[in-house]
Amino acid sequence: MKALRLHGVREAVVEEIAEPAVRPGTVKIKVEHAGICGTDLGLFEQFMFPNEFVHPLFGCPGPHVLGHEFGGRVVELGEGVDGPAVGTLVAVRANRWCGECEACQAGAGNRCVAWGFTGINGGGGGFSSHVVLNADQVFAFPEELGSQIAAMVESTAVAWHATKRVGDVAGKNALVIGAGPVGLAVVMALKARGAETIVVSEPGEARRALAQELGATAVDPRETDPVALMKELTAGTGADVSFDASGVGRITFDTAVNGLRTGGTAVYVAVAHGEFPVDVNAFVMTEKSFTGSFGYTDEDYAETIDAMRAGTIDPRPLISSVIELDDIVEDGIKHLLGEGRNTEMKMLVAP
Ligand SMILES: [Zn+2]
Ligand SMILES: [Zn+2]
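Source: prediction; values computed, not measured.

Novice: In this structure, what is going on with the overall build of the chain? I would like to understand it.
Specialist: When helices and strands are tallied, the chain shows twelve helices and 18 strands. Taking 351 residues into account, the globule formula puts the C-alpha radius of gyration at 20 Å, and the chain, at 20 Å, falls close to it. Projected onto the principal axes, the alpha-carbon positions of the chain cover approximately 60 × 40 × 40 Å. When burial is assessed residue by residue, the chain has 54% of its 351 residues classed as buried. Counting contacts in the chain only where the partners sit at least 6 residues apart, residues at least 24 apart contribute 74% of the total. Summed over all atoms, the accessible surface of the chain reaches about 14600 Å², with 50% contributed by carbon and sulfur.

Printed below as a string of structure tokens:
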């Protein structure tokens, strides 16, 4: 089968590899759509996991197939697996966990001591025609929504999990920094979970337009101070919760913290670009909190799919184009690292 494998820094190749065989306890799927993520761009440019590195949960060296956001159809069930039935449309949970450590036992497999991702650390990936997954990684997905939406579950679950880090958001006011795929998914998750006023800070015009379309008030931080606007819209109080989905650094971190009311919580749902100093007293004298958010759990997956089924989350506006696997390096990855950064949102690949 054809697959996109990463061999080194900026060395991603669509090549012919052996189709994986189903094993006991696994499910084989035929991929229908797979999303290109900012993480894929980071892997392409920085190649953080050398080929010699063997992840304990995946047990194989690189080069690995990329693609961790995907949906497809079940084609074969391994021994001991009784569903979903062959032919079922499924969304794939990319992260894997050991099942034994303290976090796993507490139902927080996303914090597993040995966490790893299908499509990054091994185990095949969505940028190929077929993938064999552990049975617990496949979630039956509503047929009527189709495989493009199934491929959007992964990135949406990242955002869903981030909003759950602050508990119930119903009736709360939120500030979101960055309107890329994750920031916009945070807006969708906040809306679906009943948040009140949502202010989005984003310099890109097309991205701001999408945030507006999803029900947020979006501003260009170079023209309008999002902190001042948040306070204006909340009678001088500030946001109950904020989300930095940009990872830009000190400047967006400060916006996320300064936009909060006293006692509010800032969530970091990005990988920060480098280290930066933090004013600890900004938290001490206001009793604000700061927390990170990483990946998702089975509960997040089930709830995200339920919200899509109910129509309270509709990620269709985020899908900007669909391309073929043969074109993924030039028209997908390199395009997104260049001019596509401003014109594309979520690009899907149809292997
Ligand atoms: Zn991703
Ligand atoms: Zn674990």
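Novice: Mind showing me how you'd approach the packing of aromatic side chains here?
Specialist: Think of a pair of aromatic rings as described by two things: how far the centres are apart, and how the planes are tilted against each other in angle. Going through the model one piece at a time under the given rule, you end up with twelve aromatic pairs. Both rings, one in Phe253 and one in Phe290, keep their centres 5.2 Å apart while their planes meet at 65°; by these two values the pair is edge-to-face. A residue pair is termed long-range when its members are at least 10 positions apart, and Phe253 in helix H8 (residues 250-258) and Phe290 in strand E16 (residues 289-292) qualify at 37 residues. Overall, the relative accessible area of 6% leaves Phe253 in the buried class. Look at Tyr296 and Tyr301: their rings are 5.1 Å apart centre to centre, the planes differ by 55°, and that puts the pair in the tilted class. Note on Tyr296: relative accessible area 0%, which makes it buried.

Novice: Would you mind showing me how to read the sheet that holds strand E1 (residues 2-8) here?
Specialist: Strand pairing in a sheet takes place through backbone hydrogen bonds and is either antiparallel or parallel in direction. In space, the three strands of this open sheet follow the order E2-E1-E4, with antiparallel pairing throughout. Strands with a single pairing partner mark the edges of an open sheet, and in this sheet they are strand E2 (11-16) and strand E4 (64-65). Relative to E4, E1 runs antiparallel, the two sharing two bridges. In the strand pairing of E4, Leu6 is matched with His64.

Novice: Please explain helix H5 (residues 181-192) as it appears in this structure.
Specialist: Counting along an α-helix, one turn takes 3.6 residues, and residues three or four places apart therefore face a common direction. Here H5 spans 16 Å end to end across twelve residues, near enough to the 16 Å set by a 1.5 Å rise per residue. Of all the residues in H5, the buried ones are Gly183, Leu184, Ala185, Val186, Val187, Met188, Ala189 and Leu190. Contacts made by the buried residues of H5 are with helix H4 (153-164), strand E11 (174-177), strand E12 (198-201), helix H6 (205-213) and strand E14 (239-244). Backbone geometry just after H5 places Gly194 at a positive phi near 90°.

Novice: What's the story with the layout of surface pockets in this structure? I'm lost.
Specialist: A probe matching the size of a water molecule, rolled over the atoms, marks out where space remains unfilled. Taken as a whole, the second largest pocket holds about 410 Å³ of empty space. Considering the residues around the second largest pocket, the lining is formed by 27 residues, among which Pro20, Cys60, Gly122, Gly123 and Gly124 are closest to the centre. Sorting the residues of the lining of the second largest pocket by element identifies E4 and strand E9 (130-134) as the ones contributing at least two each. Tallying contributions element by element places E9 first for the lining of the second largest pocket, with five residues.

Novice: Hey, could you run me through the coordination of the zinc ion (ligand 1) in this one?
Specialist: By definition of the ideal shapes, a tetrahedral metal site with four donors has angles of 109.5 degrees and an octahedral site with six donors has angles of 90 or 180 degrees. Those protein atoms acting as donors to the zinc ion (ligand 1) are Cys37 (SG), His68 (NE2) and Glu69 (OE), and they sit at 2.1 to 2.3 Å. Counting gaps between the donor residues of the zinc ion (ligand 1) yields the pattern C-x30-H-E.

Novice: Please clarify how the coordination of the zinc ion (ligand 2) should be interpreted in this entry.
Specialist: Distances from the zinc ion (ligand 2) to its protein donors, Cys98 (SG), Cys101 (SG), Cys104 (SG) and Cys112 (SG), fall at 2.3 to 2.4 Å. With four donor atoms in place around the zinc ion (ligand 2) and angles of 101 to 118° between them, the coordination shape is tetrahedral. Within one chain, the residues donating to the zinc ion (ligand 2) are spaced in sequence as C-x2-C-x2-C-x7-C. Remark: Cys112 occurs in the loop between helix H2 (102-105) and strand E8 (116-117) and Cys101 occurs in the loop between strand E7 (95-96) and H2; sequence separation between them is eleven residues. Accessibility classification places Cys101 together with Cys112 in one group, the buried group.

Novice: Explain the environment of Lys2 here, please?
Specialist: Along the polypeptide, Lys2 turns up in strand E1. For the pair Lys2 and Ala151, spaced 149 residues apart in sequence, the C-alpha separation works out to 19 Å. Among residues more than four places away in sequence, those in contact with Lys2 are Val14, Glu15, Glu16, Phe127, Ser128, Ser129, Leu325 and Asp326.

Novice: What is the right way to read the domain arrangement of the chain from this model?
Specialist: Frequently, the measure chosen for interface size is the accessible area that the parts lose on association. Per the domain assignment, the segments of the chain are domain 1 (2-152 + 315-350) and domain 2 (157-292). Domain 1 and domain 2 are separated by 28 Å when their C-alpha centres are compared. Facing ten residues of domain 1, the contacting portion of domain 2 comprises 13 residues. The three residues of domain 1 that bury the most area against domain 2 are Pro317, Leu318 and Met345, which together make up 59% of that side's buried surface. Summed over the shared surface of domain 1 and domain 2, the result is zero salt bridges. Linking domain 1 with domain 2 are two residue pairs in polar contact (both at pLDDT 80 or more), by the criterion used here.

Cut-offs applied
Residues numbered from 1 in each chain as written. Chains lettered and ligands numbered in written order. Predicted model: local features only at pLDDT ≥ 70, side-chain atom pairs only at ≥ 80, totals over all residues. Heavy atoms only, no water. Helix = DSSP H or I, 4+ residues; strand = E, 2+ residues; numbered from the N terminus. Rg over C-alpha atoms; globule rule 2.2 N^0.38 Å. Buried < 20%, exposed > 50% of the residue type's maximum accessible area, 1.4 Å probe, protein only. Contact = heavy atoms within 4.5 Å. Areas by Shrake-Rupley, 256 points an atom, 1.4 Å probe, with all protein chains shown as cover. Phe/Tyr/Trp six-rings, centres within 6.5 Å; stacked < 30°, edge-to-face > 60°. Pairing = 2+ DSSP bridges. Expected span 1.5 Å × (residues − 1). 1 Å grid on protein atoms, 1.4 Å probe; cavity = no way out; pocket = protein on both sides within 12 Å on 5 of 7 lines; lining within 4 Å. Points joined across faces, edges and corners; volume = space filled by probe spheres on them. Donors = N, O, S within 2.8 Å, 3.2 Å for Na, K, Ca; no water. Tetrahedral: all angles 85-135°; square planar, octahedral: opposite > 155°, others 65-115°. Domains from an automatic or database assignment. Buried area = accessible area lost by both parts, 1.4 Å probe. Salt bridge = Lys/Arg side-chain N within 4 Å of Asp/Glu carboxyl O. Polar contact = N/O pair within 3.5 Å; in protein donor to acceptor, adjacent residues only side chain to side chain.

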